[in-house]
Amino acid sequence: MERLARETLPPGFSYAWAGQSLEEITAGGQALYIFALSLILVYLVLAAQYESWVLPLIILLGVPLAVLGALSAQWIRGLANDVFCQVGLVMLIGLAAKNSILIVEFAEQLREQGRSIIDAAVEAARIRLRPILMTSLAFILGVLPLAFATGAGAGARNSVGTAVAGGMVASTILSIVFIPVLYVVIRTAVPGGGRHRHDDAEDAAQPGAAHA
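Our subject in this report is the structure included herewith. (Residues numbered from 1 in each chain as written. Predicted model: local features only at pLDDT ≥ 70, side-chain atom pairs only at ≥ 80, totals over all residues. Heavy atoms only, no water.)

Here we look at the overall build of the protein
The following threshold applies: Every helix listed is a DSSP run of H or I at least four residues long, and every strand listed is a run of E at least two residues long, numbered separately from the N terminus. Should any heavy atoms of two residues lie within 4.5 Å, those residues are counted as being in contact. The method behind every accessible area is Shrake-Rupley, applied with a 1.4 Å probe, and residues are considered shielded solely by the protein chains displayed.
Counting secondary structure elements, the protein contains 10 helices and zero strands. For the protein, the α and β elements follow one another from N to C terminus as α-α-α-α-α-α-α-α-α-α. Across the protein, contacts joining residues at least 24 apart in sequence account for 71% of those joining residues at least 6 apart. In the form shown here, the protein has an accessible surface area of approximately 12,100 Å², with 69% of it arising from carbon and sulfur atoms.

Rendered as structure tokens:
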């Protein structure tokens, strides 16, 4: 519409957006800041949960995989990166982090049992493969009606459904391989820290811990 307005309006005339269209354009311009704030918020929540600055970094490095899948799906279907797609991208931060959390959390538990970093990563990816596939497929199938919706308002539903479905497909497939490798690399460089080690140290410091 903007291109047609520039090409067809006579000299001295201009155009302006109003109402909901103006709100969507304004919100779309703030998408980068919203996405960055969402990443920071999720990182801080995970850092408080794990009591580590390293583990949340491993988890959130899987988010770009989801974003890549979402934008690729939009491009394949010829959809624009509009405000509805950007809502889906913010949603994908939590969804992509969920897959990574399943692997990283279980790998940390295996390390507390005496496993090496590589063994813990491989075993965590193998054991958590089925839960990751089940939850991801359930969510992808749940948003397919949005991705292929027709009728009034179908453009908005197609955009958010395609972004979320494409992001989840890419995140599920790539995270299963990428996150364990990233866990091994980062945990080899920074082996200490984390909630479980902190808890074990407190238990060992208590009187009678050795007898327990």
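Points about the environment of Arg128
By the secondary structure assignment, Arg128 is in the loop between helix 7 (117–127) and helix 8 (129–147). When residues no more than four places from it in sequence are discounted, the contact partners of Arg128 are Leu102, Ile103 and Phe106.

Overview of the packing of aromatic side chains
Aromatic ring pairs are reported here in terms of the distance separating the ring centres and the angle at which the planes meet. To keep things clear, this is the line we draw: Ring pairs are drawn from Phe, Tyr and Trp, using the six-membered ring of Trp, whenever the two centres fall within 6.5 Å, and their geometry is named by plane angle: stacked under 30 degrees, edge-to-face over 60, tilted for the rest. Each residue's exposure class comes from its accessible area (1.4 Å probe, protein chains only) as a fraction of the maximum for that residue type: buried when under 20%, exposed when over 50%, partly exposed otherwise.
For the structure shown, the criterion picks out one aromatic pair. Each ring, one from Tyr43 and one from Trp53, has its centre 6.0 Å from the other, and the planes form 25°; the classification is stacked. Here Trp53 lies in the loop between helix 3 (31–50) and helix 4 (55–60) and Tyr43 lies in helix 3, a separation of 10 residues in the sequence. The exposure class of Trp53 is exposed, given its relative accessible area of 59%.

Examining the side chain of Thr162
Structurally, Thr162 is set in helix 9 (residues 154–189). You can call Thr162 buried: its relative accessible area is 4%. Excluding anything up to four places from it in sequence, Thr162 contacts Ala73, Gln74, Arg77, Leu79 and Ala147.

Focus on unusual backbone geometry
Unlike most non-glycine residues, Glu51 shows phi in positive territory, near 55°. Locating Glu51 in the fold gives a position in the loop between helix 3 and helix 4. Residue classification places Glu51 among the partly exposed residues on the basis of a relative accessible area of 44%.

Focus: a nonpolar patch on the surface
This is how it is decided: Within this analysis, patches are made of residues with over 30% relative accessible area and no salt bridge. Like charges are joined at 9 Å or less; nonpolar side chains (Val, Leu, Ile, Met, Phe, Trp, Tyr) at 5 Å or less. We define a salt bridge as a contact between a side-chain nitrogen of Lys or Arg and a carboxyl oxygen of Asp or Glu at a distance within 4 Å.
Side chains of Leu57, Leu61, Val169, Ile173, Leu174 and Phe178 sit close together on the surface and give an oily, nonpolar patch of about 470 Å² of accessible area. Examining the composition of the nonpolar patch, we find that four residues originate from one element, helix 9, more than from any other. For Leu61, the location among the structural elements is in the loop between helix 4 and helix 5 (63–77).

As for the packing of helix 5 against helix 6 (residues 83–112)
The condition that has to hold: Here an axis means a line fitted to C-alpha atoms, over the contact stretch when the element is a helix, while the angle between two N-to-C directions is reported on a 0 to 180 degree scale. Crossing handedness is read from the near helix: turned anticlockwise from the far helix by less than a right angle, it gives a left-handed crossing, and turned clockwise, a right-handed one.
Closest axis-to-axis distance for the helix 5/helix 6 pair is 9 Å, and the angle between their directions is 145°. Where helix 5 crosses over helix 6, the handedness of that crossing is right-handed. Here Val63, Ala66, Val67, Ala70, Leu71 and Gln74 of helix 5 come into contact with helix 6, specifically with Cys85, Leu89, Leu92, Ile93 and Ala96.

Some thoughts on helix 6
Selection criterion: Working rule for helices: expected span equals 1.5 Å times residues minus one. Fitting one axis to the seven residues ending at a residue and another to the seven starting there, the bend at that residue is the angle between the two axes.
Look at helix 6: 44 Å from first C-alpha to last across 30 residues, which is about the 44 Å you get at 1.5 Å a residue. Residue Leu92 marks the point of greatest curvature in helix 6, where the axis turns by about 30°. Positive phi appears at Gly114, one or two residues downstream of helix 6, with a value of about 100°.

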